[in-house]
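Structure at a glance
Letter by letter, the chains look like this.
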Amino acid sequence: MKTEGASDRDHMIRLLRRRGIRDERVIAAMDAIPREQFIPEAFRTDTYGDHPISIGFGQTISQPWMTAFMTQVLELRGSERVLEIGTGCGYHTAVLAQTAASVVTIEYIPELAAVAEENLRRLGLEKNVTFLSGDGSGGVPEHAPYDAILVAAGAPSTPQALLDQLDSDGRLVIPVGSLDDQELRLITRHGNAFQSETVSLCRFVPLRGSEGWDPS
Ligand code: SAH
């Protein structure tokens, strides 16, 4: 018997494969997690379409391809400690929790942080997740180092603090650019050397806070 959203999810998975998502662990996580349950009821139309959707408070849930692609470039194998900056409604947090060992996630808007935690708890996906609310633009040094850091909001530049909190061989994915358009950068640490490449173009909501667009 098909559960709610399952056939839409099949469609989403086919689309992700067609668009080049190859990491089977990412595919398995997105196939298993009921994405529609992370979207507030008022915005639940075409929840599996490949576009961002409003989640309230002026914020959005990323399009499925972007969630999959950002996770894929982190090359998670199941043993990693991950920091996610910008929890939003928690959908990407759930994907990370299923593909890595543990996740620390931080959200600027306290109401969204609470909703995200509730969403994961309802599905029993919260066990390896630490939920924080506040400005994560400078990372979360208390739990560092991380094998992977994912920033889900567009930054004016790459905060040095995030590079400092990466473990050796760690990977950081971050949208960097103007308020309207960014490049998605993948930065890999090798000892004290950092290699940066642009892996996509993108448009994210602005990163706020001390290392973001309103550093006051
Ligand atoms: N990860 C989400 C996308 C969330 S949108 C998904 O599942 O698709 C980006 C989120 O980043 C917003 O909720 C916004 O409030 C948050 N954000 C912006 N600046 C932040 C900051 N400095 N620290 C933590 N969260 C921040």
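What counts and how
Residues numbered from 1 in each chain as written. Predicted model: local features only at pLDDT ≥ 70, side-chain atom pairs only at ≥ 80, totals over all residues. Heavy atoms only, no water. Axes fitted to C-alpha atoms, helices over the stretch in contact; angles between N-to-C directions. Helix = DSSP H or I, 4+ residues; strand = E, 2+ residues; numbered from the N terminus. Parallel < 35°, antiparallel > 145°, perpendicular 65-115°, else oblique. Left-handed = near helix turned anticlockwise from the far one by under 90°. Contact = heavy atoms within 4.5 Å. Nonpolar A, V, L, I, M, F, W, Y, C, P; charged D, E, K, R; others polar. Pairing = 2+ DSSP bridges. Buried < 20%, exposed > 50% of the residue type's maximum accessible area, 1.4 Å probe, protein only. Polar contact = N/O pair within 3.5 Å; in protein donor to acceptor, adjacent residues only side chain to side chain. Near = heavy atom within 4 Å. Areas by Shrake-Rupley, 256 points an atom, 1.4 Å probe, with all protein chains shown as cover.

Some points on the packing of helix α2 (residues 24–32) against helix α4 (residues 91–99)
Taken N-terminus to C-terminus, the directions of α2 and α4 make an angle of 130°; their axes are 9 Å apart at the nearest point. Classified by the interaxial angle, the pair formed by α2 and α4 is oblique. The two elements α2 and α4 cross, and the hand of that crossing is right-handed. Residue-level inspection shows Arg25, Val26, Ala29 and Met30 of α2 in contact with α4, the latter providing Tyr91, Val95, Gln98 and Thr99. The class makeup of the residues in the contact of α2 with α4 is 5 nonpolar, 2 polar and 1 charged.

Regarding the packing of helix α3 (residues 64–73) against α4
Taken N-terminus to C-terminus, the directions of α3 and α4 make an angle of 35°; their axes are 11 Å apart at the nearest point. Two packed elements cross with a definite hand, and for α3 against α4 that hand is right-handed. Within the contact between the two elements, α3 uses Thr67, Met70 and Thr71 and α4 uses Tyr91, His92, Val95, Leu96 and Thr99. Of the residues contributing to the contact of α3 with α4, the split by class is 4 nonpolar, 4 polar and no charged.

Some details on the sheet that holds strand β8 (residues 182–190)
On the basis of which strands lie adjacent, the open sheet formed by 7 strands has the order β5-β4-β3-β6-β7-β8-β9 and mixed pairing. On the outer flanks of this sheet lie β5 (129–133) and β9 (193–202), each paired with one strand and no other. Direction aside, neighbouring strands of the sheet carry axes that sit 15° apart on average. The pairing of strand β7 (residues 166–177) with β8 spans 7 bridges and is antiparallel. Bridge pairing in β8 links Pro175 to Leu184. Against the sheet, α3 contacts β6 (146–151), β7, β8 and β9, and its axis sits at roughly 165° relative to β9. This element, helix α5 (residues 110–122), spans β4 (102–107) and β5 of the sheet and lies at about 160° to β5.

Focus: the side chain of Arg9
By the secondary structure assignment, Arg9 is in helix α1 (residues 6–18). Taking the relative accessible area as the measure of exposure, Arg9 reaches 7% and is therefore buried. Polar side-chain contacts of Arg9 include one of 2.9 Å to the backbone oxygen of Asp31.

Here's the deal with the site of the ligand
Residues in contact with the ligand amount to 26 residues; listed here are only the nearest, Ser62, Glu107, Asp135, Gly136 and Arg208. One of the backbone N or O atoms of His92 is found 3.2 Å from an oxygen atom in the ligand. Residue Gly136 places a main-chain N or O atom 2.9 Å away from a nitrogen atom belonging to the ligand. Out of a free accessible area of 580 Å², the ligand has 99% covered by protein chains. Those elements that provide at least two residues to the shell around the ligand are β2 (59–61), β3 (81–85), α4 and β4. Of all the elements, β2 adds the most residues to the shell around the ligand, at 3 residues.

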